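Examining the three-dimensional arrangement
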Number of protein chains: 2
Amino acid sequence: MTSRGPEKRVRKAPAERRSEMVTAAARVGLAEGLECVTLRRVADELGVRSGLVGHYFPAADRLVAEAFTSATMAELDSLLPEMSADPGPGGAVRALRRLFSLTSSADFDNVSRLWLNARHLARYRPVLRDHVIEQDMLWCRRIERVVAAGVEARDFHCADPWAAAVRILVAIDGASAYVNTGAGHRAAPIADMVRTFAETELGLPVGTLESS
Amino acid sequence: MTSRGPEKRVRKAPAERRSEMVTAAARVGLAEGLECVTLRRVADELGVRSGLVGHYFPAADRLVAEAFTSATMAELDSLLPEMSADPGPGGAVRALRRLFSLTSSADFDNVSRLWLNARHLARYRPVLRDHVIEQDMLWCRRIERVVAAGVEARDFHCADPWAAAVRILVAIDGASAYVNTGAGHRAAPIADMVRTFAETELGLPVGTLESS
DNA sequence: TGTCTTATTGGCCACTCACTCAATAACATC
DNA sequence: GATGTTATTGAGTGAGTGGCCAATAAGACA
């Protein structure tokens, strides 16, 4: 009998409990989708009653939105760590190689699903919408800074780092729009599209951003 | 009193009734999202009882999937009508101009929303997933044929029409991923990206595909 | 006009959701 | 050890969903 019975209550500091909930919600959202981030589901995940989750999140929308932000913030740091002020020659190129290598790997699929999920759900949930916009900006700015650093270091050329960052992100989003349906016969033409597009955008010879 | 009371029953041929339902479901899905395509909602739309919709669609998944297919088929025909075998010189260019002009207009927003919606929902609903894959192929092939016609007519150059079509669609999908969140500061860099990308892909001078 | 097929109704079920709230018990503080 | 605060429970509510089915009546056909 591993089961049932009124478990002993565990009483935690509100801040800690809340943060536990967001973390659990982020895990569920990333693995199974934001629709599965419900008061009950998160409660089960933590071994508490759903009423408690409702207590910390009087509107379930906030929980979903914070789950999204938590997951994407962590992911961004893993994909594209903040650059030092002067990454040295080739530093920006290495960062971009790493980014494209990671985003085109299957490990990125759940993140693609999460973004797709959030971009759609934002249609109905205003709170989530605001968080998505915020994360969009964060991701864009992070890429912009790498591009700017690369321009600074003469690694490549780009008249408008912001515009380039925006367009590179559009390409990433476009290429990952098919996570749930499978690319099928379209896999091959898509495979190197993002990298190639970025190379064109930055005036780099084809293949420069290919990971070794 | 425009309301209530047991309305007189209207008895229709099964095929007609079913097709009415799909049409109504497509309308709801396009305007409000596929999540709103429920047995009850479609029933209300037609002024019948939900049990009747359940009778024609024993699994609600089929209704949602067929709603999607119905809406996207109609949209595709409107965006990019089937080409005649030989569209004559400049015909392909005109078709692409029209396509990009329409997809970048605000009238296309609901279609963007629908695709985003379906691409996400396909994660959970296998029947819808199959329909999305099918429509994806249809849209791609339609573009491919225009590209092939343009190559044939020496309007532009392209080594692999299929790959070009796939990538152009990726660009369209990427650019329309922000319908629900608003492009904000990113609007300008995105604005001409699809068209420009297509011009590069087809070896055309920048601006060739701009609509007059 | 009467009969029969079946499209349609009306009502039900079991489920899940967010949300509410009085009662309870864990822990800090005295 | 007694007391008070409050994190947590347990048991609801109401609204929404898909799905099921016997009873009903519309319309075609004899």
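Please read all numbers here as calculations on a predicted model, not as lab measurements. (Residues numbered from 1 in each chain as written. Chains lettered and ligands numbered in written order. Predicted model: local features only at pLDDT ≥ 70, side-chain atom pairs only at ≥ 80, totals over all residues. Heavy atoms only, no water.)

Right, let's talk about the overall build of chain A for a bit. Counting secondary structure elements, chain A contains 10 helices and 0 strands. Each helix (α) and strand (β) of chain A, taken in turn from the N terminus, gives the series α-α-α-α-α-α-α-α-α-α. A principal-axis box enclosing the C-alpha atoms of chain A has dimensions of 65 × 45 × 35 Å. Considering only residue pairs separated by 6 or more positions, chain A has 65% of its internal contacts joining residues 24 or more positions apart. Accessible surface, chain A as shown: approximately 10400 Å² in total, 53% of it carbon and sulfur. Once the 27 positive and 27 negative side-chain charges of chain A are each reduced to a mean point, those two points are 8 Å apart. (Helix = DSSP H or I, 4+ residues; strand = E, 2+ residues; numbered from the N terminus. Contact = heavy atoms within 4.5 Å. Areas by Shrake-Rupley, 256 points an atom, 1.4 Å probe, with all protein chains shown as cover. Lys, Arg positive; Asp, Glu negative; His and termini not counted. Charge placed at Lys NZ, Arg CZ, Asp CG, Glu CD.)

All right, on to the interface of chain B and chain A then. Across the contact, 40 residues belong to chain B and 40 residues belong to chain A. With both sides pooled, the region where chain B packs onto chain A buries about 3500 Å², and carbon together with sulfur makes up 64% of that total. It is Arg-123, Thr-181 and Arg-186 of chain B in chain B that bury the most area against chain A; as a group they hold 18% of the surface buried on that side. As a salt-bridge pair, Asp-136 of chain A and Arg-186 of chain B come within 3.5 Å of each other at their nearest N and O atoms. Where chain B touches chain A, the interface holds 21 residue pairs in polar contact (both at pLDDT 80 or more). Among the elements of the structure, helix H1 (14-32), helix H6 (109-121), helix H7 (126-152), helix H8 (161-175), helix H9 (187-191) and helix H10 (193-201) of chain B are those that each provide at least two residues to the side of chain B that touches chain A. Counting residues per element, the side of chain B that touches chain A draws most heavily on H8 of chain B, at 10 residues. Residue composition of the side of chain B that touches chain A, grouped by class: 23 nonpolar, 7 polar and 10 charged. (Buried area = accessible area lost by both parts, 1.4 Å probe. Salt bridge = Lys/Arg side-chain N within 4 Å of Asp/Glu carboxyl O. Polar contact = N/O pair within 3.5 Å; in protein donor to acceptor, adjacent residues only side chain to side chain. Nonpolar A, V, L, I, M, F, W, Y, C, P; charged D, E, K, R; others polar.)

As a further point, take the pattern of salt bridges. Counted by the stated rule, this structure contains 34 salt bridges over all chains. Here Arg-195 of chain A ties to Asp-192 of chain A by a salt bridge, and the two come within 3.5 Å at their closest N and O atoms. A relative accessible area of 11% means that Arg-195 of chain A is categorised as buried. For Asp-192 of chain A, a relative accessible area of 41% gives the class partly exposed. In this structure, Glu-32 of chain B and Arg-41 of chain B form a salt bridge, with 2.6 Å as the shortest nitrogen-oxygen distance. The class of Glu-32 of chain B is partly exposed, set by a relative accessible area of 33%. (Buried < 20%, exposed > 50% of the residue type's maximum accessible area, 1.4 Å probe, protein only.)

This next bit is on unusual backbone geometry. Residues and elements named next belong to chain A. One non-glycine residue, Arg-154, lies in positive phi territory at about 60°. With respect to the helices and strands, Arg-154 occurs in the loop between helix H7 (126-152) and helix H8 (161-175). Arg-154 gets classed as exposed once you look at its relative accessible area, which sits at 73%.

Turning to H8 of chain B, a few remarks are in order. Between its first and last C-alpha, H8 of chain B extends 21 Å over 15 residues, near the 21 Å set by a 1.5 Å rise per residue. With respect to burial, H8 of chain B is a largely interior element, 13 of its 15 residues being buried. (Expected span 1.5 Å × (residues − 1).)

Here we come to the protein's contact with DNA strand C. DNA strand C sits among 21 residues. The nearest are Arg-9, Arg-11 and Ala-60 of chain A together with Lys-12 and Tyr-56 of chain B. Restricting attention to atoms of DNA strand C within 4 Å of the protein, one finds that 68% of them are sugar or phosphate atoms. Note that a phosphate oxygen of DNA strand C is positioned 3.0 Å from one of the side-chain N or O atoms of Arg-17 of chain B. Of all the elements in the fold, those that place two or more residues in the surface near DNA strand C are helix H2 (39-46) of chain A together with H1 and helix H3 (50-56) of chain B. At 4 residues, H3 of chain B tops the list of elements feeding residues into the surface near DNA strand C. Of the residues contributing to the surface near DNA strand C, the split by class is 10 nonpolar, 3 polar and 8 charged. (Near = heavy atom within 4 Å.)

What follows concerns the packing of helix H6 (residues 109-121) of chain A against H7 of chain A. Residue and element names in this part refer to chain A. The N-to-C vectors of H6 and H7 enclose an angle of 135°; their axes lie 9 Å apart at closest approach. The angle between the axes of H6 and H7 places the two elements in the oblique class. Read as a crossing pair, H6 and H7 show a hand that is left-handed. Here Val-111, Trp-115, Ala-118, Arg-119 and Leu-121 of H6 come into contact with H7, specifically with Leu-128, Val-132, Gln-135, Asp-136 and Trp-139. (Axes fitted to C-alpha atoms, helices over the stretch in contact; angles between N-to-C directions. Parallel < 35°, antiparallel > 145°, perpendicular 65-115°, else oblique. Left-handed = near helix turned anticlockwise from the far one by under 90°.)

On to the relation of the copies chain B and chain A, then. In screw terms, the move from chain B to chain A is a rotation of 180° and a rise of 0.0 Å along the axis, fitting with an RMSD of 0.0 Å. Here the two chains are linked by the operation of a two-fold rotation axis. Scanning chain B for the C-alpha nearest the rotation axis identifies Gly-174 of chain B, at a separation of 1.8 Å. Most of the interface of chain B is mirrored in chain A, where 100% of its interface residues again form contacts. (Least-squares fit on C-alpha atoms with pLDDT ≥ 70 in both.)

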